[in-house]
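Listed below are the residues making up each chain.
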Amino acid sequence: MKRLLLASLLGSTIALANAAMAAETDLKSLEQAARAEGAVNSVGMPDSWANWKDTWVDLGKLHGLKHLDTDMSSAQEIAKFAAEKDNATADIGDVGAAFGPIAVQQGVTLPYKPSTWEQIPAWAKDADGHWMLAYTGSIAFIINKQLVKEPPKSWADLEKGKYKVAIGDVSSAAQAVNGVLAAAISKGGDEKNIQPGLDLFAKIAKQGRLSLSNPTIQTLEKGEVEVGIVWDFNGLSYRDQIDPSRFEVLIPSDGSVISGYTTIINKYAKNPNAAKLAREYILSDAGQINLAKGNARPIRAEHLTLPDAVKAKLLPNEQYAKVQPIKDAKAWEETSKALPGLWQENVIINME
């Protein structure tokens with residue numbers, strides 16, 4: 001029996017060692033193939049967004065990859081992949097979470113699972129590796145402490161406050177739309193039932209507290225926004241760029257929604273191995289830390305040891321205890337389409 005057990009353990013050890021060696025060999029082969037291609041061209045991944053700059057610099061230094069980016073929206077990226085096909089000028093793009101499945105449906109993606117695949121939550125990735133979130137955004141409050149003496153910690157606080165609340169344009173901005181969903185979630189709603197969120201904002205509108213200002217760096221700097229509803233990474237960037245002592249950014253304690261951005265590799269890429277290597281690096285510890293330096297919360301945050309200076313830029317993990325991902329994407333797609341009309345009927349009609 002002992003011999004059988006020893007043989008079994010030895011067999012398992014050898015199998016694990018062989019798997020590790022195979023993975024290392026695969027990565028070396030990928031690096032060689034990428035280096036031979038010599039370049040990776042991206043769309044929607046400019047230097048200033050989520051600190052992509054450091055990742056492109058690292059890929060150049062470590063693997064000899066030249067880089068060029070053309071900034072565009074998620075929808076434009078997918079359309080470009082589809083339109084160019086065999087004349088592809090882009091290898092990889094960065095799109096909002098909702099656009100990952102759309103890109104797969106349109107048949108423009110090349111699957112690749114990085115070596116850190118198992119540390120990416122199931123809700124944040126396609127089972128076949130066509131897309132996976134690299135970093136997340138959760139709906140947060142950004143509060144001007146000079147104008148608001150009792151900062152809200154929750155949606156319940158927000159409902160009872162005396163300050164004005166800016167959410168932005170619910171008819172067109174994903175940030176604003178997700179803000180309504182986050183409010184609904186805090187009141188027991190979900191992707192199919194947005195009414196609790198509409199009711200909360202209707203109450204704020206009736207009190208004359210709903211601001212029509214869009215919470216941007218410009219309006220925040222001018223003091224036009226008292227409390228804004230924003231993605232956490234936007235709020236943290238705005239805070240740091242204007243004056244960290246002037247603003248507080250926090251996740252509402254009674255519920256929020258988490259989404260994010262995913263890389264998509266062009267099925268028709270001229271440099272497919274370089275694109276795969278770029279994704280590999282983006283999901284590595286170093287790539288994830290680069291994103292964190294840009295105030296984006298890495299998808300592998302719970303598996304990373306961030307440098308103290310970088311960790312200080314992000315909100316603590318415990319603030320995310322009540323955030324939840326979109327659970328029914330199809331239902332949310334339908335609700336999102338109806339939301340602009342519902343917002344007019346339920347909320348705007350109550351503004352003075």
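Residues numbered from 1 in each chain as written. Predicted model: local features only at pLDDT ≥ 70, side-chain atom pairs only at ≥ 80, totals over all residues. Heavy atoms only, no water.

- In the nomenclature of an unreviewed UniProt entry, the protein is known as Extracellular solute-binding protein of Pseudomonas cavernicola.

## Quick word on the domain arrangement of the protein
Then step 1. Under the domain assignment used here, the protein contains domain 1 (25–136 + 259–312) and domain 2 (139–257 + 318–350).
Then step 2. If you average the C-alpha positions of domain 1 and of domain 2, the two centres end up 29 Å apart.
Then step 3. At the interface, 9 residues of domain 1 touch 9 residues of domain 2.
Then step 4. A combined buried area of about 810 Å² lies between domain 1 and domain 2, and 61% of that area is made up of carbon and sulfur atoms.
Then step 5. Per-residue buried area on domain 1 facing domain 2 is highest for Ser-259, Asn-295 and Arg-297; these three make up 58% of the total on that side.
Then step 6. Linking domain 1 to domain 2 there are 0 salt bridges.
Then step 7. Across the domain 1-domain 2 interface, the total number found is 1 residue pair in polar contact (both at pLDDT 80 or more). (Domains from an automatic or database assignment. Contact = heavy atoms within 4.5 Å. Buried area = accessible area lost by both parts, 1.4 Å probe. Salt bridge = Lys/Arg side-chain N within 4 Å of Asp/Glu carboxyl O. Polar contact = N/O pair within 3.5 Å; in protein donor to acceptor, adjacent residues only side chain to side chain.)

## Digging into empty space enclosed by the protein
Over the atoms rolls a probe the size of a water molecule, and in doing so it shows where empty space is left.
Then step 1. Inspection of the entire model under this criterion finds 1 cavity of 30 Å³ or more.
Then step 2. For the largest cavity, the calculated volume is near 30 Å³.
Then step 3. What lines the largest cavity is Asp-232, Leu-236, Asn-295, Ala-296, Arg-297, Leu-314, Leu-315 and Tyr-320.
Then step 4. Split by domain, the residues of the lining of the largest cavity number at least three in each of domain 1 (25–136 + 259–312) and domain 2 (139–257 + 318–350). (1 Å grid on protein atoms, 1.4 Å probe; cavity = no way out; pocket = protein on both sides within 12 Å on 5 of 7 lines; lining within 4 Å. Points joined across faces, edges and corners; volume = space filled by probe spheres on them.)

## A few points about unusual backbone geometry
Then step 1. The residue Asn-51 is not glycine, and still its phi comes out positive at about 60 degrees.
Then step 2. Along the polypeptide, Asn-51 turns up in the loop between strand S1 (39–43) and helix H2 (52–63).
Then step 3. Classification of Asn-51 as buried rests on a relative accessible area of 15%.
Then step 4. The backbone of Asn-295 shows a phi angle near 70 degrees, a positive value even though the residue is not glycine.
Then step 5. By the element assignment, Asn-295 lies in the loop between helix H11 (285–293) and strand S10 (297–298). (Helix = DSSP H or I, 4+ residues; strand = E, 2+ residues; numbered from the N terminus. Buried < 20%, exposed > 50% of the residue type's maximum accessible area, 1.4 Å probe, protein only.)

## A closer look at the packing of helix H6 (residues 174–186) against helix H7 (residues 195–206)
Between two packed helices, what matters for the description is the angle formed by their axes and the separation of those axes.
Then step 1. Here H6 crosses H7 at 100 degrees, and the two axes come no closer than 7 Å. In this view, H6 runs roughly perpendicular relative to H7, as classed from their interaxial angle. Facing Gly-179, Val-180, Ala-183 and Ala-184 of H6, the residues of H7 in contact are Pro-196, Gly-197, Leu-198 and Phe-201. (Axes fitted to C-alpha atoms, helices over the stretch in contact; angles between N-to-C directions. Parallel < 35°, antiparallel > 145°, perpendicular 65-115°, else oblique.)

## Points about H6
Then step 1. Along its 13 residues, H6 runs 18 Å from first to last C-alpha, staying within 8% of the 18 Å computed at 1.5 Å per residue.
Then step 2. With respect to burial, H6 is a largely interior element, 12 of its 13 residues being buried.
Then step 3. Within H6, burial applies to Gln-175, Ala-176, Val-177, Asn-178, Gly-179, Val-180, Leu-181, Ala-182, Ala-183, Ala-184, Ile-185 and Ser-186.
Then step 4. Looking one or two residues beyond H6, the residue adopting positive phi is Gly-188, at roughly 95 degrees. (Expected span 1.5 Å × (residues − 1).)

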